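# A structural walkthrough
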Amino acid sequence: MIGPFVETGLLSPAAGLVMAILIGFAFGWFLEQGGLGNARKLAGQFYLTDLTVFKVMFSAIVTAALGLFWFGRLGVIDPALLYVPVTYVLPQLAGGVVFGLGFVMGGLCPGTSCVAASTGRIDGLALMAGMLFGVLGFNELYPVIASFYSSTPMGAATVPDLLGIPTGNALFLLTVIAIAAFVVGHRIERRLRGLTSKRG
Amino acid sequence: MSDRRSGRPYMDPYLAGVGIGCVLLAAFVVMGHGLGASGAFSSVVASGVALADSARAASNDAYAGYLPGGPASVFRDWFVLEVAGVFLGGMASALLAGRFRRAVDRGPRISSRARLVYAFGGGAVMGLGAKLARGCTSGLALTGGAVFSVGSWIFIAGAFGAGYLFAPLFRRQWL
């Protein structure tokens, strides 16, 4: 077991902060390369005119999940040291719904708004300002909503634990679902292209 | 979509996705945690409030959690530095591909000013949602999705479900 480097002491926390800039740089690079700094392209996901968000996100999740699984198997990382975002069922469902409303209204998410802003898009800057305002609003309301915020906790629950199957099986299922969804996505795109070319 | 002024075409989305997946994997191998974005906004807000009114920040856990080292915490926050990197990486990529452009991305039927109002409003709504859910598309959906977090997949279902549900309300803005 050699990783995660900062957790096993192979790398100091200070070096981790330098890595933050490098990792962020690569993240921003690929987001821009994929076209995710463009609000119209992102919003197209919700009108099925552009499925880039879906393709990028799903292939990123599957790539990372496969990598984590095999790195764990090969002893490159200790899976027990990986941080799993904690589950709070109702707050995360409600938060997701509120987030989705903001997403289709603003056309960018918090990360992609930074890419939009850094590539000259003024709407990216406006969305970032809105985010700061929304976070401030939540924090000011926090004492009132703290009990709901902490309700229905499940700790670091994972889907394979919940289904009672090994992680490898869940990974296989995820990969099959992703491939099937990509195929369906291409059908949708072909049909829409057919419609627009008939119209135009 | 392919306007001559808009620079070189984008990378294949699957390739970009695999690239982001590898970056996410690298974050886990190096740090033991994934990527994020909304956390950086939380850190900036917490440090700002702590500077303006330290008693207010100290008495509210929503701020205090982001202030392990007082108002200067923002400069040592991993996610703030990561997002600074996202800025630089996005800018470098756009400049090299000829896609850097001072513009407001919007549909053909809406004014720039109205689009900016919607962007600010959408950001504010998303700020509330991301705080309530404990993360956004990067830190919760992408990162937690890859480690099969139950809450992450609940968030993905809620966010995309709501996106499609509310999309007709904003159609004029985009199409």
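See the structure above.
Here we summarise the structure given alongside this text. Quantities reported herein were computed from a predicted structural model and do not represent experimental measurements. Once a new chain begins, its residue numbering starts again from 1 and follows that chain's sequence as written. All chains are assigned letters beginning with A, and all ligands numbers beginning with 1, in the order in which they are written. Residues qualify for local features only when their pLDDT is at least 70, as the model is predicted, and side-chain atom pairs are given and counted only at 80 or more; totals for whole chains, interfaces and linings, by contrast, use all residues.

### Things to note about the interface of chain B and chain A
Test applied: Whether two residues are in contact is decided by their C-beta atoms, placed from the backbone, lying within 7 Å. Working definition: helices are DSSP H or I runs of at least four residues, strands are E runs of at least two. Numbering for both runs from the N terminus. All residues other than Ala, Val, Leu, Ile, Met, Phe, Trp, Tyr, Cys, Pro, Asp, Glu, Lys and Arg, Gly among them, are scored as polar; the first ten of these are nonpolar and the last four charged.
Contacts between the two partners involve 109 residues from chain B and, on the opposite side, 112 residues from chain A. For the side of chain B that touches chain A, the secondary structure elements donating two or more residues are helix H1 (13–31), helix H2 (38–52), helix H4 (61–64), helix H5 (78–96), helix H6 (112–133), helix H7 (137–146) and helix H8 (150–166) of chain B. In terms of residue class, the side of chain B that touches chain A is made up of 68 nonpolar, 30 polar and 11 charged.

### Observations regarding the nonpolar core
Heads up, the condition is: The term nonpolar core refers to a set of buried Ala, Val, Leu, Ile, Met, Phe, Trp, Tyr and Cys residues connected through C-beta atoms within 7 Å. Partly exposed residues are those whose C-beta has more than 12 but fewer than 20 other C-beta atoms within 10 Å; 20 or more makes a residue buried and 12 or fewer makes it exposed, with C-beta atoms placed from the backbone. Marked domain ranges trace back to an automatic or database domain assignment.
Residues A:Phe27, A:Ile61, A:Leu68, B:Ile20 and B:Leu24 are the most contacted members of the largest nonpolar core, which totals 112 residues. The element that contributes the greatest number of residues to this core is helix H4 (residues 52–73) of chain A, accounting for 11 residues. Two domains each provide a minimum of three residues to this core, namely domain 1 (1–102) and domain 2 (104–175) of chain B. Ignoring anything within four residues of it in the chain, the contact list for B:Ile20 reads A:Phe27, A:Phe30, A:Leu31, A:Val56 and A:Ala60.

### Structural notes on the packing of H2(B) against H5(B)
Residues and elements named next belong to chain B. Spelled out, the test is: A fitted line through C-alpha atoms serves as each axis, taken over the contacting stretch for helices, and the angle formed by two N-to-C directions is quoted from 0 to 180°. Crossing handedness is defined as follows: a turn of the near helix away from the far one that is anticlockwise and smaller than a right angle gives a left-handed crossing, while the clockwise case is right-handed.
Orientation of H2 relative to H5, taken along the N-to-C sense of each, is 115 degrees, at an axis distance of 8 Å. Handedness of the H2/H5 crossing: left-handed. Here Gly39, Ala40, Ser43 and Val44 of H2 come into contact with H5, specifically with Phe79, Val80 and Val83. Broken down by class, the residue content of the contact of H2 with H5 amounts to 5 nonpolar, 2 polar and no charged.

### Quick look at H2(B)
All names here are of chain B. The cut-off we apply is this: In a helix, the anticipated span is given by 1.5 Å times the number of residues less one.
Across its 15 residues, H2 extends 21 Å between first and last C-alpha, which sits within 8% of the 21 Å expected from 1.5 Å per residue. Across the 15 residues of H2, 12 count as buried, placing the element largely inside the fold. All of the buried residues in H2 are Ser38, Gly39, Ala40, Phe41, Ser42, Ser43, Val44, Val45, Ala46, Ser47, Val49 and Ala50.

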